[in-house]
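Remarks on the overall topology
The primary structure of each chain is shown beneath.
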Amino acid sequence: MSNRDGMFYAPESAVNEVVAGPGEFVIAAAALDHGHIYGMCGELVRAGATLKWVYDPDPDKVRAFQERFPEAKAARSLDEILNDAEVRLVAGAAVPSERGSLGLAVMDAGKDYFTDKAPFTSLGQLEAARQKVKETGQKYMVYYSERLHVESAVYAGQLISQGAIGKVLQVMGTGPHRLNAGSRPEWFFEKAKYGGIICDIGSHQIEQFLYFASCKNAEVKYSRAVNMAHPEYPELEDFGEAALVGDNGASGYFRVDWFTPNGLSTWGDGRTIILGTDGYIELRKYTDIARESIGDQVYLVNHEGEYRFNVKGKVGYPFFSQLIKDCMNRTEDAMSQAHAFKAAELCLTAQELAAAGTFQTAR
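Identification of the protein as Gfo/Idh/MocA family oxidoreductase from Paenibacillus urinalis is taken from an unreviewed UniProt entry.

**Some thoughts on the sheet that holds strand 9 (residues 239-246)**
An order of 8-9-10-7-11-12-13-14 is seen for the eight strands of this open sheet, with the pairing classed as mixed. Looking at which strands have only one partner, the edges of the open sheet turn out to be strand 8 (218-226) and strand 14 (305-310). When the angles between neighbouring strand axes are averaged without regard to direction, this sheet yields 10°. In this fold helix 7 (residues 151-161) packs onto strand 7 (168-176), strand 11 (271-276), strand 12 (279-284), strand 13 (297-302) and strand 14, with an angle of close to 170° to the strand it touches most, strand 12. In the packing of helix 11 (residues 337-355) onto the sheet, contacts are made with strand 8 and strand 9, and the angle to strand 8 comes to roughly 50°.

**Digging into the pairing of strand 12**
Of all the six residues making up strand 12, five are buried; the element is thus mostly covered by neighbouring parts of the structure. When strand 11 meets strand 12, the two strands line up antiparallel, connected through six bridges. Of the residues in strand 12, the one forming a bridge with Leu275 is Tyr280. In textbook terms, the turn of a hairpin is the stretch between consecutive antiparallel strands, and for strand 11 and strand 12 this stretch comprises two residues. Alignment of strand 12 against strand 13, held across six bridges, turns out to be antiparallel. Opposite Tyr280, over in strand 13, you have Val301 as the bridge partner.

**Topic: the UniProt feature "domain: GFO/IDH/MocA-like oxidoreductase" (unreviewed entry) in the protein**
This chain's UniProt record puts "domain: GFO/IDH/MocA-like oxidoreductase" (unreviewed entry) on residues 156-282. Measuring from the first to the last C-alpha atom of residues 156-282 gives 9 Å, for a span that is 17% helix and 34% strand.

**Focus on the UniProt feature "domain: Gfo/Idh/MocA-like oxidoreductase N-terminal" (unreviewed entry) in the protein**
Under the UniProt annotation, "domain: Gfo/Idh/MocA-like oxidoreductase N-terminal" (unreviewed entry) lies at residues 48-144. Between the C-alpha atoms that bound residues 48-144 there is a distance of 20 Å. The span itself is 43% helix and 25% strand.

**Quick word on the nonpolar core**
Phe65, Phe114 and Ile281 are the most contacted members of the largest nonpolar core, which has 113 residues in total. With nine residues, helix 11 is the single largest residue contributor to this core.

**What to know about the sheet that holds strand 4 (residues 87-93)**
If you trace the six strands from one edge of the open sheet to the other, you get 3-2-1-4-5-6, paired in parallel fashion. Looking along the sheet, the strands with just one partner apiece sit at the ends: strand 3 (73-74) and strand 6 (140-143). By the bridge criterion, four bridges tie strand 5 (residues 112-116) to strand 6 in an arrangement that is parallel. Residue pairing in the sheet places Tyr113 in a bridge with Tyr140 of strand 6. Running at roughly 165° to strand 5, helix 4 (residues 96-108) makes contact with strand 1 (26-32), strand 4, strand 5 and strand 6 of the sheet.

**Brief notes about the packing of helix 1 (residues 36-46) against helix 10 (residues 318-329)**
Look at helix 1 against helix 10: their axes get within 9 Å of each other, and the N-to-C directions meet at 70°. Here helix 10 runs roughly perpendicular to helix 1, going by the angle between their axes. Where helix 1 approaches helix 10, its residues Met40, Glu43 and Leu44 are matched on the opposing element by Phe320, Leu323 and Ile324. Within the contact of helix 1 with helix 10, the residues separate by chemical class into five nonpolar, no polar and one charged.

**A closer look at the environment of Gly202**
Looking at where Gly202 falls in the secondary structure, it is placed in helix 9 (residues 202-212). Look past the residues within four positions of Gly202 in its chain and what remains in contact with it is Ile197, Phe254, Val256 and Cys347.

**A look at the pattern of salt bridges**
Pairing between side chains becomes possible if they bear opposite charge and their charged atoms approach one another. Inspection of every chain in the model, using the stated rule, returns 27 salt bridges. Linking Lys61 and Asp33 is a salt bridge whose minimum nitrogen-to-oxygen distance equals 3.1 Å. Of the two residues, Lys61 is situated in helix 2 (residues 59-68) and Asp33 in the loop between strand 1 and helix 1; the sequence distance between them amounts to 28 residues. Looking at Lys61, the relative accessible area reads 28%, which means it is partly exposed. Residue Arg284 is joined to Glu282 by a salt bridge in which the shortest nitrogen-to-oxygen separation is 3.0 Å.

**Regarding the state of the cysteines**
Throughout the structure, instances matching the rule amount to zero disulfides. You can see Cys199 has no disulfide; the closest cysteine sulfur is in Cys347, sitting 6.8 Å from it. Here Cys327 stays free of any disulfide, with the sulfur of Cys41 as its closest cysteine sulfur at 13 Å.

About the thresholds
Residues numbered from 1 in each chain as written. Predicted model: local features only at pLDDT ≥ 70, side-chain atom pairs only at ≥ 80, totals over all residues. Heavy atoms only, no water. Pairing = 2+ DSSP bridges. Helix = DSSP H or I, 4+ residues; strand = E, 2+ residues; numbered from the N terminus. Axes fitted to C-alpha atoms, helices over the stretch in contact; angles between N-to-C directions. Contact = heavy atoms within 4.5 Å. Buried < 20%, exposed > 50% of the residue type's maximum accessible area, 1.4 Å probe, protein only. UniProt positions renumbered as here; feature names shortened; annotations may be inferred. Core = buried A, V, L, I, M, F, W, Y, C linked by side-chain atoms within 4.5 Å. Parallel < 35°, antiparallel > 145°, perpendicular 65-115°, else oblique. Nonpolar A, V, L, I, M, F, W, Y, C, P; charged D, E, K, R; others polar. Salt bridge = Lys/Arg side-chain N within 4 Å of Asp/Glu carboxyl O. Disulfide = S-S within 2.5 Å.

Structure representation (structure tokens):
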């Protein structure tokens, strides 16, 4: 098997699989506090879901959602959605501290729940959800978008499964974001509501580590979360980092922050480097600075050569089709419940460890 020209690894153009006909898999959207709800619902609809309802107490948010999804009827209350027997799944992007309680209500109504990350802001919320899943048999799935909704990350998983870099030894990730403080809602600056920087945007990084390194569990070895340069927002953590060791010996390190400079062409230069026994992969997810503004750049180096792939529009997002099929067939091909909850648990554990630290805020 020769990969000299990289063609063995090069992806082909992919279209997301449509797995349900009209009315076969009905969904609703509830709680529109984060813009991720648009991506969550958009991909489910493209995979065949029928979006029947939308609910939020803010009518302006509902109207904006209906401009994008005119087929969604405005529900008068959350109960109107929960009492509709046709609805199979409810997607929500509530304030992070409210996501757990919404999930309990959805599962009590006999429906699966698909929430934006971070799925919880406390270990107590996580335990309540674990118990409710056992009690009801419903799903509590999480939109870890930086892997599930990024083609370069999807493709990295495919390369690893093909054995392109051997056994994964370490995953390093960066998750910088632009603050845009003036456009943020009030809850964004209240730690009790957003949970802390590691709980929030660090959740992407921990989930990716578990997935790429094939870990079922991990131990948080080090964690730090501080406000380095924004004293006007005393509850904001603008910098976080953590190191973990997986149950198979793989290690993970990540940095997350709100320091994207204005000169960058996008909201953040998110990257991931995955080291294996036989090579490594680098993902430049959203831009390739000073070279190409198009994201989804994948760099692969192994014993056979050096390769660069732009996979934008060539891989798709299989998670959403798989999720619909999982809900209909009660399978776990998109993501196991154990994985979704373990990623959340480690985020919360790392956040607690950071809070217990003695690091001083720099000014």
